[in-house]
Amino acid sequence: MKSIKEAQSDLVNDTCSECGSFVDIGAVVEESDVLLQLPFSGNAAKADAEALADKAKARFNDVIVRLTEQDNVWLLQLEFGCSAEKMIFQLQNSLP
C-alpha cells in the first residue's frame, strides 16, 4: 500500500485505504449507466442486431431490448438491470 502511494504524483491520491485498491470502483462504474446503444448498418444490420440482442437475453434475464430502424440504420438499445451487467456484456463481446 505504501509503495502505491509513493509511486503516485503528489497531485493524485486515488488509493483506497480500506481495500488496497488502486482506484475506487465507484469512480469507474457509474450506478445509473445501464443503457447500451449500438448502431448497425449494412445488409445484415437487422440480423446482426437481433443476434446480439439474443446473446444479451440469454446471458441476463432482466435485460430490456429495443430495436428501431431509421434511415437504414438499426439502433439496438439494451437496458441492463445494473451497470455491472452492462460492463460484463461489453467485455465479453468486445463492445465499446
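See the structure printed just above.
Residues numbered from 1 in each chain as written. Predicted model: local features only at pLDDT ≥ 70, side-chain atom pairs only at ≥ 80, totals over all residues. Heavy atoms only, no water.

(A) Here's a closer look at the packing of helix H3 (residues 45-59) against helix H4 (residues 83-92). Running from amino to carboxyl end, H3 crosses H4 at an angle of 130°, the nearest separation of the two axes being 11 Å. When the interaxial angle is binned, H3 and H4 end up oblique. Regarding H3 and H4, the two cross each other, and that crossing is right-handed. Facing H3, whose interface residues are Leu 52, Lys 55, Ala 56 and Arg 59, H4 presents Ile 88, Phe 89 and Gln 92. (Axes fitted to C-alpha atoms, helices over the stretch in contact; angles between N-to-C directions. Helix = DSSP H or I, 4+ residues; strand = E, 2+ residues; numbered from the N terminus. Parallel < 35°, antiparallel > 145°, perpendicular 65-115°, else oblique. Left-handed = near helix turned anticlockwise from the far one by under 90°. Contact = heavy atoms within 4.5 Å.)

(B) Spotlight on the environment of Glu 69. Topologically, Glu 69 is positioned in strand E2 (residues 64-70). Among the polar contacts made by the side chain of Glu 69, one reaches the main-chain amide nitrogen of Asn 72 at a distance of 2.9 Å. (Polar contact = N/O pair within 3.5 Å; in protein donor to acceptor, adjacent residues only side chain to side chain.)

(C) Structural view of the environment of Leu 52. Within the secondary structure layout, Leu 52 lies in helix H3. Classification of Leu 52 by relative accessible area gives buried; the value is 10%. Along the chain, Leu 52 and Asn 93 lie 41 residues apart, while their C-alpha atoms are 8.8 Å from each other. Excluding residues within four positions of it along the chain, Leu 52 makes contact with Leu 38, Phe 40, Leu 76, Phe 89, Asn 93 and Leu 95. (Buried < 20%, exposed > 50% of the residue type's maximum accessible area, 1.4 Å probe, protein only.)

(D) Representation of H3 within the structure. The terminal C-alpha atoms of H3 lie 21 Å apart, and with 15 residues this matches the ideal 21 Å at 1.5 Å per residue to within 8%. Taken together, the buried positions of H3 are occupied by Ala 45, Ala 49, Leu 52, Ala 53 and Ala 56. Taken end-on, H3 shows its buried residues confined to a sector of 105°, consistent with a single buried face. Buried residues along H3 sit in contact with strand E1 (35-41), E2, strand E3 (73-79) and H4. (Expected span 1.5 Å × (residues − 1). Arc of directions from axis to C-beta.)

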